[in-house]
Amino acid sequence: MNIKRNILLNPGPSTTTDTVKLAQVVPDICPREREFASLMGTLRSDLLRIVHAPEGEFTSVLFCGSGTLNIDVCLNSLLPAEKKILIVNNGAYSTRAAEICEYYGLPHINLRLPIDTPADPGAVEKILADNPDIAIVHTTHNETGTGLLNPIKEIGAAAHRHGAIFTVDTTSTLAMRPIDVIRDNIDFCMASAQKGIMAMTGLSFIIGRTAEIVKSKDYPRRSYYCNLFLQYDYFEKTGQMHFTPPVQTIYAAIQGLREYFAEGEEAKWARHTRVFNAIHEGLDALGFRDLIRREWQSGLVVSPIYPDDPNWDFGRIHDYCYERGFTIYPGKVSDTDTFRLCALGAIDEKDIHDFFRVFRAALDDCGVAVPVRYKEAK
Ligand SMILES: *Cc1c(COP(=O)(O)O)cnc(C)c1O
């Protein structure tokens, strides 16, 4: 089988290997069979290994759905009665977490911070000191809308000093930027199969402290399909998902993990870093500016600012690249026009060099002056 290889520079789903794609082509199986439960059992343990979570103390719970489901499940399931959530919000994904709190009517404080600066753990500490009823502190590791990295270890330490648990949206870092739940003070983290583990969409997972999940059995029940304890308990009793799992997606995820461990945590992070650096070199050569200071970037997402050129037309440039097998993506900030180039997926620096040849031709095709121009001096 010859499958066209597209280079996805969007923030997930990411470019996958052919072996991951083909892992989905398997004999039909009823997922209630013991054979399938055993595959999921191994998958659950392997996910713990990615973030160095001690088995037993931590567990992983699988869900059928996209990554947003994890945020929904954690926040609605882990909040005791009469307690509050603190959302440390400096971007689109923490804003999404605050919206989830609103939809469920969960008491919360939405601590809005500048979107171009790492969250200040001191500000978090102050809110915690003033609000002893905060039971959960939640933030986003890599704010995928901008590529800003948050100091999770310090925020987690502040949460723990005040007796709160720390839930982190690691969807755009897990299995890419090394994470160690103990070192990083994480009680719950999460991701979906199409990002760091370079598999398919439709499978999401939460990794967290078993004792906290068990305690949550007695917390207010706010959802049926999206309840963490219910799903965990069903896995523990039967080895299965409560409801029909995304069968073929799970086969792809298992292959993705095989390839993850074969490549190795450090080597994979080194590859993403090579890709990230190649993206910066290509953008620097064309004169683009970044939204986020380089030292504050996650190493996975670059947000260049639109140049001030009347011929700049993101849609047209996107289409030119897309027709040639390269996908670029718009930004996600309200007051500055940006686009995004991401270092996720089964790609390497050569793919980025190939991309920049096409991107340069797209700029020429539109008549955008190179190096690109900005009205304001730096
Ligand atoms: C991709 C992503 C999600 C999940 O988004 P879905 O559209 O539900 O897949 C959640 N959080 C972050 C930080 C992400 O990058």
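Higher on the page you've got the structure.
Please read all numbers here as calculations on a predicted model, not as lab measurements. (Residues numbered from 1 in each chain as written. Predicted model: local features only at pLDDT ≥ 70, side-chain atom pairs only at ≥ 80, totals over all residues. Heavy atoms only, no water.)

Turning to the overall build of the protein chain, a few remarks are in order. Regarding its fold elements, the protein chain presents twelve helices and 14 strands. Relative to a compact globule of 378 residues, whose C-alpha radius of gyration would be 21 Å, the protein chain shows 21 Å and is just as compact. Considered along the principal axes of its C-alpha atoms, the protein chain spans approximately 60 × 55 × 35 Å. The 378 residues of the protein chain split such that 57% are buried. Contacts spanning at least 24 positions in sequence make up 73% of the contacts within the protein chain whose residues lie at least 6 apart. Accessible surface for the protein chain amounts to roughly 15800 Å². Of this, 51% is attributable to carbon and sulfur atoms. For the protein chain, the distance from the average site of its 40 positive side-chain charges to the average site of its 48 negative ones is 1 Å. (Helix = DSSP H or I, 4+ residues; strand = E, 2+ residues; numbered from the N terminus. Rg over C-alpha atoms; globule rule 2.2 N^0.38 Å. Buried < 20%, exposed > 50% of the residue type's maximum accessible area, 1.4 Å probe, protein only. Contact = heavy atoms within 4.5 Å. Areas by Shrake-Rupley, 256 points an atom, 1.4 Å probe, with all protein chains shown as cover. Lys, Arg positive; Asp, Glu negative; His and termini not counted. Charge placed at Lys NZ, Arg CZ, Asp CG, Glu CD.)

Here seven strands make up an open sheet; going across it, the order is 2-10-9-8-5-3-4 and the pairing mixed. Looking at the sheet topology across the chains shown, the edges are occupied by strand 2 (58-64) and strand 4 (108-112). Neighbour-to-neighbour, the strand axes of this sheet turn through a mean angle of 20°, independent of strand direction. (Pairing = 2+ DSSP bridges. Axes fitted to C-alpha atoms, helices over the stretch in contact; angles between N-to-C directions.)

As a further point, take the side chain of Thr 140. Take Thr 140: it is sitting in strand 5 (residues 134-140). There is a polar contact of 2.7 Å between the side chain of Thr 140 and the side chain of Ser 94. (Polar contact = N/O pair within 3.5 Å; in protein donor to acceptor, adjacent residues only side chain to side chain.)

Surrounding the ligand, one finds 13 residues, the nearest of these being Ser 66, Thr 68, Thr 144, Asp 169 and Lys 195. Asp 169 is positioned with one of its side-chain polar atoms (N or O) 2.6 Å from a nitrogen atom of the ligand. A distance of 3.4 Å separates a nitrogen atom of the ligand from a polar atom in the side chain of Thr 171. Protein chains bury 86% of the 380 Å² of accessible surface belonging to the ligand in isolation. The residue makeup of the shell around the ligand, split by class, is one nonpolar, nine polar and three charged. (Near = heavy atom within 4 Å. Nonpolar A, V, L, I, M, F, W, Y, C, P; charged D, E, K, R; others polar.)

This paragraph deals with the pattern of salt bridges. Within the structure shown, the criterion is met by 22 salt bridges. In this structure, the salt-bridge partner of Asp 18 is Lys 21, at a minimum N-O distance of 3.5 Å. Residue Asp 18 and its partner Lys 21 are located together in helix 1 (residues 18-22), separated by three residues, close to a single helical turn. Between Arg 357 and Asp 354 there is a salt bridge, with the nearest N and O atoms lying 2.5 Å from each other. Here the residue Arg 357 and the residue Asp 354 both occupy positions in helix 12 (residues 349-366), the gap between them amounting to three residues, near one helical turn. Each of Glu 57, Asp 187 and Arg 209 takes part in one network of salt bridges that share partners. (Salt bridge = Lys/Arg side-chain N within 4 Å of Asp/Glu carboxyl O.)

Glancing now at unusual backbone geometry. The step from Gly 12 to Pro 13 runs through a cis peptide bond, and the omega angle for that step is -5°. Here Pro 13 lies in the loop between strand 1 (7-8) and helix 1. Residue Pro 371 is bonded to the preceding Val 370 through a cis peptide linkage, with omega at 0°. With respect to the element layout, Pro 371 can be found in the segment after helix 12. Positive phi, close to 65°, is recorded for Glu 82, a residue that is not glycine. Residue class for Glu 82 comes out exposed when judged on its relative accessible area of 77%. Unusually for a residue other than glycine, Ala 175 sits at a positive phi of about 70°. Position of Ala 175 among the secondary structure elements: in the loop between strand 8 (165-169) and strand 9 (188-192).

Our next topic: the packing of aromatic side chains. Scanning all chains against the criterion turns up 18 aromatic pairs. Pairing Phe 288 with Trp 312 gives two aromatic rings, centres 5.9 Å apart and planes at 65°, and the pair type is edge-to-face. Of this pair, Phe 288 sits in the loop between helix 10 (265-286) and strand 11 (301-302) while Trp 312 sits in the loop between strand 11 and helix 11 (314-323), and the two are 24 residues apart along the sequence. In this pair, the class of Phe 288 matches that of Trp 312, namely buried. Geometrically, the ring pair formed by Phe 314 and Phe 339 is tilted, given 5.9 Å between the ring centres and 40° between the ring planes. You can see Phe 314 sitting in helix 11 and its partner Phe 339 sitting in strand 14 (residues 339-342), a full 25 residues away along the chain. With a relative accessible area of 12%, Phe 314 lands in the buried category. The exposure class assigned to Phe 339 is buried, which follows from its relative accessible area of 0%. Through pairs of rings, three or more aromatic residues link up here, namely Phe 288, Tyr 306, Trp 312, Phe 314, Phe 326, Phe 339, Phe 355, Phe 356 and Phe 359. (Phe/Tyr/Trp six-rings, centres within 6.5 Å; stacked < 30°, edge-to-face > 60°.)

Let us look at the side chain of Thr 167. Within the secondary structure, Thr 167 is located in strand 8. Given a relative accessible area of 0%, Thr 167 falls into the buried group. Reaching out from Thr 167, the side chain makes a polar contact with the side chain of His 138 at a distance of 2.8 Å. For Thr 167, the residues in contact, after removing those within four places along its chain, are Leu 75, Leu 78, Ile 136, Val 137, His 138, Thr 139 and Phe 188.

By themselves, these are just geometric observations and shouldn't be taken as functional.
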